[in-house]
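Summary of structural features
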Amino acid sequence: MLGKLDLSAIPLSQPIPLITSFVVILIAVAVLILITAKGWWPYLWHEWITSVDHKRIGVMYCLLGVVMLIRGFADAIMMRTHQALAIDAPGYLPPEHYDQVFTAHGTIMILFGAMPLVLGFMNFLVPLQLGVRDVAFPTFNSVGFWLTASGALLVNVSLFVGEFARTGWLPYPPLSETTYTPGVGVDYYLWAVQISGVGTLITGINIVTTVLKMRCPGMSFLRMPVFCWTALASCMLIVATFPILSATLAMLTLDRYLGWHYFTNTAGGNPMMFVNLVWAWGHPEVYILVLPAFGIFSEIFSTFSGKPLFGYRSMVAATLFICIVSMMVWLHHFFTMGAGPAVNTFFGISSSIIAVGTGVKIYNWIFTMYGGRVRFEVPMLWSMGFIFTFIIGGLTGVLLAIPPADFVTHNSMFLVAHFHNVIIGGVVFGIFAGLEFWFPKAFGFRLHEGWGKVAFWFAFIGFWVTFTPLYVLGLLGMTRRLQHINIEAWRPWLYISVIGVGILILGVISQVMQLVVSIRDRETLRDVTGDPWDGRSLEWATPSPPPFFNFAVMPNVEGEEAYWGIKLRAVETQQLSPEPKYEPIHMPVNSPVGFFTAFFTTVFGFAMVWYIWWLASVALVAAFVGFVVFAWRDIHEFEVPIEQVASVDRARRAAREALLEKLTRQEVLP
Amino acid sequence: MTYTGLPASVEAIRRVREDPHRLGHRAHGPEEPVAGAGHGETGPARKRIIVGYGFWIYLLSDIVLFSCFFAAFAVLRGATAGGPTISQIVDIPRVAIETTALLLSSYTCMLSFAATNARSRLWTQIFLLITGFLGLVFVLLELQEFIELAARGITPQVSGMLTSFFGLVGLHGLHVTLGGLWLATMLAQVQVKGFRPEIVHRLICFNLFWHALDIVWIGIFTIVYLLGSLT
Amino acid sequence: MGRLQIPKGSLCRALRGALPCGLSSVGLASCSGGVLDPLGPVGAENATILIDSAVIMLAIVVPTILLAFWVAWRYRASNPRGEYLPYWSYSGRVEAVVWSIPTLTVMFLGGLIWIGSYELDPFRPLPSKVRPLEVQVVSLDWKWLFIYPQQGIATINQLVVPAATPVHFSITSASVFNAFFVPRLGSMIYAMPGMVSQLHLQADDPGQLLGISAQFSGDGFSDMQFQVKSVPAADFGAWVASVRGTGPVLDRAAYAELLQQAQRVPPSTYGGIDPQLFLAVANQQIAPGPGPQPGGPHHAGREVSTSGKD
């Protein structure tokens with residue numbers, strides 16, 4: 001009846017997951033009680049859970065990402081402290097638990113932390129920047145988000161019920177085959193990542209279609225903000241590579257569940273095929289994450305320098321260049337497999353060539369600042385921190401792309417330091433810069449500047465104190481994923497790294513404080529103009545937060561930097577453009593289909609993990625029925641009456657009049 | 001052909017541009033922005049274009065999915081682990097019937113869409129039914145093939161080659177089966193709701209899906225069965 | 001294409017002098033037994049390439065970082081001396097330079113990659129007058145088996161090699177992936193089931209080195225270490241003589257025991273071997289390791305995995 005599931009799946013003998021489970025369940029129950037007591041359910045259900053508004057979905061993506069970043073960070077704290085305590089000592093995590101921690105850390109940080117945040121930014125920003133009212137497929141957008149959330153939920157359920165994979169975040173066979181890892185851990189991994197991967201693919205298709213087919217009048221390709229270009233490149237990579245992940249995981253699933261032989265080390269299976277396939281997804285995945293971050297930095301450098309982005313076409317070319325080349329470099333993750341010098345040379349050079357694209361971008365950002373009026377507000381601090389950190393990370397990356405150098409640094413702590421250097425320095429700094437930058441757009445008030453600066457400095461210094469020792473450890477010959485250590489020479493560096501983690505914890509606390517303080521002081525931090533940073537692209541033309549229909553009248557773009565042009569003309573003529581003729585707007589109706597689908601796929605995934613076949617079948621049928629019911633609905637859109645459109649837009653225009661006066665008085669514009 | 005003094009390539013481009021019947025660009029060349037095409041000058045595309053476009057992108061991703069299973073088959077083709085080789089398991093006559101059924105179903109699928117364009121509910125339904133029937137024939141034949149192989153002890157658990165064979169062919173069979181479910185849903189929808197815009201959009205997507213499965217099958221037929229029977 | 005010959009210790013001295021002071025502590029630390037303190041020609045070349053390319057890139061990277069901070073500071077909004085050029089967003093000359101700097105660097109490094117990949121191909125024998133020693137390596141759960149086919153002996157978690165003699169390793173795995181790595185000797189390579197990787201290394205001087213697995217292989221991974229002893233050639237012969245004929249013989253039965261999972265396996269030796277054993281492992285004539293056994297002594301962790309009622 002319950003498959004493999006019984007009481008022994010609850011980790012009663014292990015205090016860490018048990019206490020964590022207990023606390024998390026307690027918090028969850030408390031939140032549910034609070035929501036019920038306050039009567040917030042209808043609001044949550046109508047405004048968020050069933051919402052098909054791209055901004056709401058973007059915010060929910062970011063919320064999911066932030067929560068999972070904290071979960072992944074907790075794993076990171078455990079890894080660093082455990083290793084420091086496990087020098088000639090057992091430490092506090094036994095191998096079978098420690099192995100789960102580093103696997104969960106990698107999986108969560110990449111797939112459930114960084115990915116949702118990046119997708120959240122794309123969801124929130126792309127339609128606003130393109131001057132349209134929604135993405136191409138609003139309901140599918142909701143499905144995509146909820147599937148990602150479903151995967152994240154499964155990963156976290158594994159903490160309470162059963163175990164997570166102990167194989168590393170990419171479960172290399174034969175280790176991940178049932179022969180060597182018989183537990184449910186790998187199965188949790190497979191279903192969680194498979195389900196969220198489908199969600200990501202849906203969002204990828206959605207954004208590609210949106211960028212290519214839904215732009216406001218006049219928004220030709222070379223007038224799009226660079227963020228839209230990077231979102232397009234990133235989503236094209238999603239469309240091209242996430243099916244590879246789906247296929248690879250499906251094959252491993254067949255091996256594990258039905259005893260097939262794709263990757264086994266018996267009966268002709270080929271484990272190296274897994275390594276090739278998974279990195280054919282895994283390397284582009286890195287660029288799926290970092291390209292939108294590049295887009296965020298481009299917007300920030302340009303806005304806070306008060307100048308257009310330098311070499312816009314160059315930036316677009318470099319983005320597409322990286323997008324294409326990133327699919328031709330996967331073998332650099334296993335030069336040490338012995339593929340031969342010709343193959344290694346090809347992939348070594350193609351990997352280094354990516355540095356041309358990123359190098360061009362770095363120089364273009366520098367020249368964007370040249371001749372500008374650079375304002376060092378918090379997003380700009382993150383961006384400067386990024387330039388420094390990412391250049392060093394790029395340097396060590398190219399070192400690892402040189403096969404003979406990789407032969408002594410592969411899988412070492414040097415490698416660990418390198419990819420944290422680019423992923424934290426590139427993606428995470430980009431995400432924090434972006435959160436800081438667009439928070440007022442999403443919520444209508446700025447984040448507290450002082451706490452933001454404190455958070456940046458803790459994160460920046462903490463990062464370097466944590467990861468510089470790891471570079472050294474790598475050169476000392478320390479490999480990754482060691483549960484205990486018996487080399488005395490490594491001790492001081494592991495201790496320094498823990499100090500760095502302490503500083504990073506202060507950084508995280510500062511960020512939480514920033515949020516708390518900002519919510520408390522939200523009235524003084526209120527953004528009444530809709531344009532708090534003197535922005536240049538169309539999202540700043542809307543009020544903060546934007547109305548659900550984004551634009552009362554679709555803007556007509558007449559040049560690059562659409563909103564900057566509108567603003568400039570207003571200042572020159574000392575008046576806003578004449579009030580447009582308002583028309584009723586048609587918006588898609590909310591739909592619970594995403595939530596229902598994700599609910600049933602979660603049940604399905606859980607049932608599959610525990611071999612509860614009847615429940616899996618029921619869940620699949622229910623998901624299909626849900627879709628048919630959805631497909632049967634008769635009303636797709638509702639009409640926003642002219643009066644509502646007009647009143648929202650008149651309020652916006654009044655705020656713009658005030659902004660216009662302020663701009664004229666300050667002579668901010670040239 | 002008049003001599004214009006231009007280099008041949010420029011001349012060729014000029015002629016292509018001036019050709020009013022050139023493929024894909026009839027309605028919206030660069031000089032003549034058309035509303036609803038989604039080309040930047042005129043704002044978002046019409047719903048019909050967006051839906052079709054999005055579905056094309058999904059199909060591309062599905063082709064990538066199949067490519068991985070093709071790649072796995074190419075890698076594991078020789079890994080028979082003492083079991084049967086590919087030439088010992090292919091049964092060309094049956095596959096020929098399967099292929100015929102599937103190709104015919106693509107043809108009837110196209111006819112159903114022609115009927116949809118003529119807004120003939122009866123003929124749309126009839127041709128969709130025939131399409132579904134041919135798809136069912138295909139799936140049943142494939143199932144029969146798998147069952148017969150299993151009866152001979154030829155299962156995916158035997159070797160890497162058989163794993164990749166059953167994986168690739170089975171994935172396609174699964175797609176056809178899901179396509180059949182979709183088709184059944186569409187039959188009901190057309191019957192109940194008639195040719196509303198969203199129903200027509202779904203019919204377009206279904207057509208694209210069904211034809212794509214055909215193309216994938218031609219790849220499987222050639223690479224797995226025909227080339228397999230040669231060795 | 002001559003081999004770079006680097007006297008021992010000079011690398012460390014060069015490093016201390018060459019690297020900027022911020023990194024010199026890294027260099028100092030690295031002289032205590034890491035990949036920057038090589039004991040053989042392969043490791044020396046690995047380290048040279050690592051350092052050379054780092055220095056080449058630093059020559060570009062450091063000025064770029066300085067430029068970034070100088071520009072940001074110079075054009076800060078509060079500085080009236082920075083001229084405001086609100087529309088300066090394109091310059092063909094700057095673009096040309098911007099594309100060519102990384103392109104040239106990468107072209108230069110591309111040459112290094114090309115030459116280095118061929119020069120340091122792990123499958124390529126080392127040029128030496130001395131006949132290489134053959135060692136067959138099998139990675140097991142969780143121990144290393146070294147077979148000396150020419151000497152007819154085998155060891156567990158202990159690798160003894162004669163100094164100044166090239167060693168040819170043939171490496172395979174009896175269960176999951178591992179990577180054979182002796183940091184001070186240089187290049188690592190994967191041990192993979194069903195195939196044989198080749199690796200050529202040499203220790204120039206006698207010494208005690210650390211060998212590890214550099215690819216995660218399961219719960220016992222952390223203890224998959226082996227001692228590497230580089231001894232003078234004469235001592236090597238004496239060691240072989242002392243091992244040969246004493247202790248157990250590595251036949252199929254003894255190997256079957258090795259296939260069982262075990263952690264923290266102490267070094268040991270076999271006085272005799274089955275000469276066909278390595279081939280049989282690599283061809284998978286002998287079935288790979290069985291993995292964790294329910295209720296076995298080394299089956300760590302919760303039993304949720306295997307108590308399945310299915």
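Scroll up for the structure.
Note that the structure is a prediction, hence the values are computed from the model and not measured. (Residues numbered from 1 in each chain as written. Chains lettered and ligands numbered in written order. Predicted model: local features only at pLDDT ≥ 70, side-chain atom pairs only at ≥ 80, totals over all residues.)

**Quick look at the interface of chain B and chain A**
In many reports, interface size means the accessible area that the parts give up when they come together. Facing 38 residues of chain B, the contacting portion of chain A comprises 41 residues. If you list the elements that add at least two residues to the side of chain B that touches chain A, you get α2 (47-76) and α6 (160-193) of chain B. For the side of chain B that touches chain A, the element with the most residues is α2(B), which contributes 16 residues. Across the side of chain B that touches chain A, the residue classes break down as 20 nonpolar, 15 polar and 3 charged. (Contact = placed C-beta atoms within 7 Å. Helix = DSSP H or I, 4+ residues; strand = E, 2+ residues; numbered from the N terminus. Nonpolar A, V, L, I, M, F, W, Y, C, P; charged D, E, K, R; others polar.)

**A closer look at the interface of chain A and chain C**
Contacts between the two partners involve 88 residues from chain A, matched on the other side by 92 residues from chain C. Every element with two or more residues in the side of chain A that touches chain C is listed here: α4 (95-130), α8 (271-305), α9 (312-325), α10 (341-369), α11 (378-400), α12 (403-409) and α14 (449-475) of chain A. The element best represented in the side of chain A that touches chain C is α10(A), accounting for 17 residues. When the residues that make up the side of chain A that touches chain C are grouped by side-chain class, the tally is 52 nonpolar, 27 polar and 9 charged.

**Digging into the environment of Glu579(A)**
Along the polypeptide, Glu579(A) turns up in the loop between α16 (562-573) and β1 (585-588). Linking Glu579(A) and Glu285(A), residues 294 residues apart in sequence, is a C-alpha distance of 45 Å.

**Details of the sheet that holds strand β7 (residues 186-191) of chain C**
All names here are of chain C. Pairing is mixed across the open sheet formed by 5 strands, whose spatial order is β4-β10-β9-β6-β7. Bordering the open sheet on either side are β4 (158-162) and β7, each of which pairs with just one other strand. If you compare each strand with its neighbour and ignore which way they point, the axes differ by 20° on average. In terms of strand pairing, strand β6 (residues 178-182) meets β7 through 4 bridges, oriented antiparallel. The residue of β7 that forms the bridge with Asn-178 is Ala-191. The sheet contacts of helix α5 (residues 233-243) involve β4 and β10 (226-231), and relative to β4 the element is tilted by about 135°. (Pairing = 2+ DSSP bridges. Axes fitted to C-alpha atoms, helices over the stretch in contact; angles between N-to-C directions.)

**Structural notes on helix α19 (residues 642-666) of chain A**
All names here are of chain A. Between the first and last C-alpha of α19 there are 36 Å, a value that for 25 residues agrees with the 36 Å anticipated at 1.5 Å per step. Those residues of α19 that fall on the buried side of the exposure criterion are Val-645, Asp-649, Arg-652 and Arg-656. Contacts from the buried residues of α19 go to β1 and β2 (637-640). (Expected span 1.5 Å × (residues − 1). Buried ≥ 20, exposed ≤ 12 C-beta atoms within 10 Å, placed from the backbone.)

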